Amino acid sequence: MGELDHAADDGLRMYHELADWFHLLTAPEDYADEAAFILGLLRERVSPLGTLLELGSGGGNTASHLQRDLRLTLTDVAPRMLALSRTLNPGCEHLEGDMRTLRLGRTFDAVLIHDAVMYLTTTDDLRTALETAYVHLRSGGATVIMPDCVRETFEPHTDHGGHDGADGRGMRYLEWTSDPDPSDSTFVTDFAYLLREADGATRVGYDRHVEGLFARDEWLDLLTAVGFEPDVVVDEWKRDVFIGVRPAI
């Protein structure tokens, strides 16, 4: 059994050297219900609804379902994740960019920020990402933002999973989420990976993800400060989902 080399500089090995394994960590087909929920939220608030910009689109799992109903522009800071998404969503526009600084010079009916927003660990970073969403929305457009948790719902936990691929590869992981310092705005998720190649050779690896943790009112206050009309709903997975509508002119 082999061991992987040291992680990428930002500690997020899964989005860089292991990007080709991402769909064995989290399978695109598992996102159908979530995509339907997002589409429903947007249809309740935006008409017409035809275009969507996703900030931090990763491997394109959610997009693979939304593309049936919307014209998508998918952006991410990790080139190898964009390359993986192109294999799943070849008809979508893919662009490299950081959600804090991206400026495309055009607007969309909707903007989606899924759980990539968790990697914003300060309120300053979170506000800049919300500003990016705002400037890319047309008048009357809406953003949907889906953090894994807010401070009020955070709980330390462990999880495990993984999938086998049609190419003979397989992956299993153990996930351990904790908050070493409850006084700050971050928590930590440690991942241990077992990666089995098609020939049976197996490697092990490790990632540490430092993620942001903000109170529900902090989210709503930032959305308001940027210019949105904010709302929050709880989805069937008991997560706070934030919606911001750019007021119609």
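What comes next concerns the included structure. (Residues numbered from 1 in each chain as written. Predicted model: local features only at pLDDT ≥ 70, side-chain atom pairs only at ≥ 80, totals over all residues. Heavy atoms only, no water.)

Comments concerning the side chain of Thr-51
Alright, step 1. Looking at the element boundaries, Thr-51 is found in strand S2 (residues 51-55).
Alright, step 2. With relative accessibility at 15%, the residue Thr-51 sits in the buried group.
Alright, step 3. Polar contacts involving the side chain of Thr-51 include one to the main-chain amide nitrogen of Asp-109, which spans 3.0 Å. (Helix = DSSP H or I, 4+ residues; strand = E, 2+ residues; numbered from the N terminus. Buried < 20%, exposed > 50% of the residue type's maximum accessible area, 1.4 Å probe, protein only. Polar contact = N/O pair within 3.5 Å; in protein donor to acceptor, adjacent residues only side chain to side chain.)

Here's the deal with the nonpolar core
Alright, step 1. Counting 26 residues, the largest nonpolar core has Leu-55, Ile-113, Leu-126, Ile-145 and Trp-219 as its most contacted members.
Alright, step 2. Elements with a minimum of two residues in this core: S2, strand S5 (108-113), helix H5 (123-135), strand S6 (137-145) and helix H6 (216-226).
Alright, step 3. If we ignore the near neighbours within four places in the chain, the residues touching Leu-126 are Val-117, Leu-120, Phe-214, Trp-219 and Leu-222.
Alright, step 4. With 22 residues, the next largest nonpolar core counts Leu-39, Leu-72, Ala-142 and Val-144 among its residues. (Core = buried A, V, L, I, M, F, W, Y, C linked by side-chain atoms within 4.5 Å. Contact = heavy atoms within 4.5 Å.)

Some words on helix H4 (residues 79-88)
Alright, step 1. Within the span of H4, buried status applies to Met-81, Leu-82, Leu-84 and Ser-85. Down the axis of H4, the buried side of the element spans an arc of 160°, and every buried residue falls inside it.
Alright, step 2. The secondary structure elements touched by the buried residues of H4 are helix H1 (22-25), strand S3 (71-76) and strand S4 (93-96). (Arc of directions from axis to C-beta.)

Let's talk about the sheet that holds S5
Alright, step 1. Strands sit in the order S4-S3-S2-S5-S6-S12-S11 across an open sheet of seven strands; the sheet is mixed. Edge positions in the sheet fall to S4 and strand S11 (229-234), since each has one partner strand and no second. Between one strand axis and the next, the sheet turns through 20° on average, direction left out of account.
Alright, step 2. Judged from the four bridges that link them, S2 and S5 form a sheet pairing that is parallel. Following the sheet pairing, Glu-54 is matched in S5 by Leu-112.
Alright, step 3. Running over the sheet, helix H2 (residues 32-45) touches S2, S5, S6, S11 and strand S12 (240-245) and is turned about 30° from S12.
Alright, step 4. Strands in contact with H4 are S3 and S4; relative to S4, the strand with the most contacts, it is inclined by about 175°. (Pairing = 2+ DSSP bridges. Axes fitted to C-alpha atoms, helices over the stretch in contact; angles between N-to-C directions.)

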